[in-house]
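Single-letter residue listing:
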Amino acid sequence: MIDVELVCRAGALNGEGPVWSVCEERLYWVDIRAPALHRFDPATGRNETWAMPTWIGCLALAEPGHVVVALRTGLHRFDTRSGALAFLAPVPFDPRRFAFNDGGCDPVGRFLAGTMLDPLDPAASDEGEAATPLWRYEGDDTWIGVTPAVETSNGLAWSPDGRTMYHSDTARKTVWRYDYDTATGAAENGRVFAEVKDGAGPDGAAVDADGFYLCAVFGGGCLLRFDPDGRLERRIAMPAKFVTMPAFGGSDLSTLFVTSASFPVPQAERAARPNEGALFAMEAPARGIATRRMSRHAASDPGRTRGAAFVGSRAQRA
């Protein structure tokens with residue numbers, strides 16, 4: 001049994017994308033649907049919040065004081081000290097039909113992100129493509145598709161040596177593994193790593209220093225830990241049904257943080273289910289791997305201010 005602690009009763013609609021900043025000793029995470037960027041301090045329980053102008057799928061660490069956020073309207077560089085949001089690149093998909101979802105940096109700092117189908121006009125949901133590939137950002141306005149198209153991109157992670165990339169489609173309840181070339185960013189030879197039939201399927205994931213793949217099961221109330229060969233090693237029960245993604249943090253990367261969502265819970269039931277949308281922490285089965293910052297070239301502000309904005313911030317304690 002693993003003791004799971006509720007560390008921030010955030011009430012997030014769609015908590016996602018936790019990323020530990022080693023230099024700040026803080027956990028960044030997002031609420032896709034609020035939409036908002038969060039920064040949690042486990043030493044004090046303080047959770048800072050910055051409102052975003054549109055849906056935020058995921059983030060990447062940049063230089064201290066800055067993160068890169070993947071918004072529905074494009075990739076932006078965010079200054080956590082001033083609240084300034086600077087436009088970096090347009091999205092590689094039709095934002096009327098898709099929004100960014102899971103994403104992160106590869107072992108050398110390239111930023112990759114996938115999408116989920118979310119038409120702004122529900123009446124047109126059956127019109128046009130229903131899926132896109134996992135995208136790799138090349139700087140400027142260039143994006144490269146690196147996998148076959150998926151409907152709900154999730155589970156992005158890399159093995160400790162960087163030679164294997166994991167990627168899942170929640171809609172298909174499948175996790176794939178690819179041979180990954182860190183020199184070029186190419187992902188090849190995709191094959192099934194695991195199938196997750198619980199709940200809605202596999203959601204966000206992380207790989208520990210032993211090479212084990214940990215994924216959240218959305219709607220399944222658990223984390224699943226697979227060995228490098230795809231065999232289920234353990235199931236970790238969670239005190240929330242709609243867990244979304246784990247991330248390693250703490251001074252020695254031995255703490256496992258887990259985000260969750262409340263939006264599937266009917267509004268009338270949310271007060272009685274306060275764990276949904278909370279942030280959790282536990283001692284990890286094995287230490288994690290430090291998250292790579294986005295490469296300086298890709299994260300740099302190209303001098304464009306289109307879409308720049310100032311957003312307010314607030315802070316709360318767990």
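Read on for a plain summary of the structure. (Residues numbered from 1 in each chain as written. Predicted model: local features only at pLDDT ≥ 70, side-chain atom pairs only at ≥ 80, totals over all residues. Heavy atoms only, no water.)

Comments concerning the overall build of the protein chain
Secondary structure summary: the protein chain contains one helix and 26 strands in total. Radius of gyration (C-alpha) of the protein chain: 18 Å, near the 20 Å computed for a compact globule of 318 residues. Looking at the 318 residues of the protein chain, the share that counts as buried comes to 57%. A separation threshold of at least 6 residues defines the contact pool for the protein chain, and within that pool the share at least 24 residues apart is 50%. Within the structure as shown, the protein chain displays about 13000 Å² of accessible surface, and the carbon and sulfur contribution to it stands at 48%. Each charge class in the protein chain was averaged separately, 33 positive and 40 negative side chains, and the resulting centres sit 3 Å apart. (Helix = DSSP H or I, 4+ residues; strand = E, 2+ residues; numbered from the N terminus. Rg over C-alpha atoms; globule rule 2.2 N^0.38 Å. Buried < 20%, exposed > 50% of the residue type's maximum accessible area, 1.4 Å probe, protein only. Contact = heavy atoms within 4.5 Å. Areas by Shrake-Rupley, 256 points an atom, 1.4 Å probe, with all protein chains shown as cover. Lys, Arg positive; Asp, Glu negative; His and termini not counted. Charge placed at Lys NZ, Arg CZ, Asp CG, Glu CD.)

Thoughts on the nonpolar core
Of all hydrophobic cores here, the largest spans 21 residues; its most connected members are Val68, Leu75, Phe100, Phe111, Tyr137, Trp143 and Met294. Tallying contributions element by element places strand 10 (residues 98-105) first for this core, with three residues. Discounting residues that sit within four places of it in the chain, Met294 has contacts with Ala60, Leu61, Val68, Leu75, Cys105, Gly109, Phe111, Tyr137 and Ala299. If you look at the next biggest cluster of nonpolar residues, it comprises 18 residues, including Val30, Leu37, Leu71 and Phe78. (Core = buried A, V, L, I, M, F, W, Y, C linked by side-chain atoms within 4.5 Å.)

Topic: the side chain of Thr259
Assignment of secondary structure puts Thr259 in strand 23 (residues 255-260). For Thr259, a relative accessible area of 0% puts it in the buried group. Of the polar contacts made by the side chain of Thr259, one reaches the side chain of Thr244; its length is 2.6 Å. With sequence-adjacent residues up to four places away left out, Thr259 is seen in contact with Gly15, Glu16, Gly17, Pro18, Trp29, Val243, Thr244, Met245, Ala278 and Leu279. (Polar contact = N/O pair within 3.5 Å; in protein donor to acceptor, adjacent residues only side chain to side chain.)

Things to note about the pattern of salt bridges
Inspection of the entire model under this criterion finds 19 salt bridges. The salt bridge involving Arg136 is made with Glu138; its shortest N-O contact spans 2.6 Å. For Glu269, the salt bridge identified is with Arg273, shortest N-O distance 3.5 Å. Classification of Arg273 as partly exposed rests on a relative accessible area of 27%. Through salt bridges with shared partners, a single network forms among Glu24, Arg39, Arg46 and Glu48. (Salt bridge = Lys/Arg side-chain N within 4 Å of Asp/Glu carboxyl O.)

Let's talk about the side chain of Asp102
Positionally, Asp102 belongs in strand 10. Summary of buried charges: Asp102 has no salt-bridge partner, and the nearest side chain of opposite charge, Arg33, is 14 Å away. For Asp102, the side chain forms a polar contact with the main-chain nitrogen of Gly155, separated by 3.3 Å. If we skip the residues at most four places from it in the chain, Asp102 touches Cys58, Ala113, Gly114, Ser153, Asn154, Gly155, Leu156 and Met245.

Things to note about the sheet that holds strand 22 (residues 243-249)
Strand order in the open sheet made by the four strands is 1-24-23-22, with antiparallel pairing throughout. Each end of this open sheet is capped by a strand with a single partner; those strands are strand 1 (5-8) and strand 22. Looking at each pair of strands side by side, their axes are set apart by 30° on average, direction ignored. As judged from the four bridges shared by strand 23 and strand 24 (residues 279-283), these two strands associate in the antiparallel manner. Paired with Thr255 across the two strands is Glu283, which belongs to strand 24. (Pairing = 2+ DSSP bridges. Axes fitted to C-alpha atoms, helices over the stretch in contact; angles between N-to-C directions.)

Details of the sheet that holds strand 11 (residues 111-117)
A sheet is described by the order of its strands in space; here four strands give the open sequence 10-11-12-13, paired in antiparallel fashion. With one partner strand each, in any of the chains shown, strand 10 and strand 13 (142-145) form the two edges of the open sheet. In this sheet, neighbouring strand axes are inclined to one another by 35° on average, regardless of whether the strands run parallel or antiparallel.

Quick look at the packing of aromatic side chains
The tally for this structure, following the rule as stated, stands at 14 aromatic pairs. Taking 5.0 Å as the distance between ring centres and 45° as the angle between the ring planes, the aromatic pair formed by Tyr137 and Trp143 counts as tilted. Between Tyr166 and Phe193, the ring centres sit 4.9 Å apart and the planes meet at 65°, which makes this aromatic pair edge-to-face. Taken as a pair, Tyr166 in strand 15 (residues 164-169) and Phe193 in strand 17 (residues 186-195) lie far apart in primary sequence, 27 residues in all. Pair check on accessibility: Tyr166 and Phe193 agree, each one buried. An aromatic cluster of three or more residues is present, and its members are Phe93, Phe98, Phe100, Tyr137 and Trp143. Directly above the ring of Trp55 sits Arg72, whose terminal nitrogen or CZ lies 6.0 Å from the centroid. (Phe/Tyr/Trp six-rings, centres within 6.5 Å; stacked < 30°, edge-to-face > 60°. Lys NZ or Arg CZ within 6 Å of the ring centre and 35° of its normal.)

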